[in-house]
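The residues making up each chain are set out below.
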Amino acid sequence: GQQLNQSPQSMFIQEGEDVSMNCTSSSIFNTWLWYKQEPGEGPVLLIALYKAGELTSNGRLTAQFGITRKDSFLNISASIPSDVGIYFCAGQLSNNNDMRFGAGTRLTVKP
Amino acid sequence: DGGITQSPKYLFRKEGQNVTLSCEQNLNHDAMYWYRQDPGQGLRLIYYSQIVNDFQKGDIAEGYSVSREKKESFPLTVTSAQKNPTAFYLCASSIAGGPTEAFFGQGTRLTVV
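Along each chain, numbering runs from 1 in the same order as the chain's sequence is written. Written order decides the labels, with chains lettered from A and ligands numbered from 1. In keeping with the predicted nature of the model, local features appear solely for residues at pLDDT of at least 70, side-chain atom pairs appear and are counted solely at 80 or more, and the whole-chain, interface and lining totals rest on all residues. In computing side-chain values, all of the structure's heavy atoms are included and hydrogens and water are not.

Observations concerning the sheet that holds strand β1 (residues 4-7) of chain B
Residue and element names in this part refer to chain B. Pairing between strands is defined by DSSP: at least two bridges between them are needed. Only DSSP runs of H or I with at least four residues qualify as helices, and only runs of E with at least two residues qualify as strands; both kinds are numbered from the N terminus onward. Reading across from one edge, β1-β3-β8-β7 is the order of the 4 strands in this open sheet, with antiparallel pairing throughout. The sheet is open, and its two borders are formed by β1 and β7 (64-66), each paired with just one other strand. On average, each strand axis in the sheet is inclined to that of its neighbour by 20°, with strand direction left out of account. Taken together, the 3 bridges between strand β3 (residues 19-25) and strand β8 (residues 76-78) define a ladder with antiparallel strand orientation. Following the sheet pairing, Leu21 is matched in β8 by Leu76. Orientation is described by lines fitted to C-alpha atoms, with helices fitted over the stretch in contact, and by angles between N-to-C directions that extend from 0 to 180 degrees.

Quick look at the structure:
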């Protein structure tokens, strides 16, 4: 299946720092989604992006849909301890609803 | 409240037994998905369905089977042919027919002993 390359694999940061993570693919996606997962739970949708170049914010989170439609990034500003978790990107192909996930970025925030 | 429900949360089975995981949604979504997640790994697509009575294999369908007899329900059977069934299984649903957001259930952790 189509591969999404998500980086970094993990991040250890101090509370208050900004965070940036990204996903790239060799395939073109129509939708990029960013999720957060906490231990033992299902992923929760953070931001959805539908158009190339689109920049969308959700509180301290900002995500962009790359112009080439093959990449996306997520920024978290002024991190807090409750930001801890695994962040996944997901790309949706064409109109067939086939959705693929990156391997995740595990974020640890030190108070 | 609208949502997607997986049950049970934890499931234990003996090796060689088939087991069925439940997924129900009342969001009126047409599309439903099953993913498998191993420790420290991302989500891998097992099966997905865009409409009742139709479903497609994902990347790791071998050893699994699904049915979609009702719009609200998309059960996953882990068969004895699945060589390494212990994992966290996640079900999701979305509106079909184009790019859209998917919403996840809480997951079922299956342990085969």
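Description of the pairing of strand β4 (residues 31-37) of chain A
Residues and elements named next belong to chain A. Type-normalised accessible area, obtained with a 1.4 Å probe on protein chains alone, sets the label of each residue: buried when under 20%, exposed when over 50%, and partly exposed for intermediate values. Burial of β4 is extensive: 7 of the 7 residues sit out of reach of the surface. Alternating residues of β4 divide into Thr31, Leu33, Tyr35 and Gln37 and Trp32, Trp34 and Lys36, and every residue in both groups is buried. Both β4 and strand β9 (residues 85-92) contribute to a ladder of 7 bridges, which runs antiparallel. Note on β9: the bridge partner recorded for Thr31 is Gln92. As paired strands, β4 and strand β5 (residues 44-49) are joined by 5 bridges and run antiparallel to one another. Bridged to Leu33 within β5 is Ala48. Hairpin connection between β4 and β5: a loop of 6 residues separates the two successive antiparallel strands, and Gly40 in this loop has a positive phi of roughly 75°.

Purely spatial values, then, with no claim about function.
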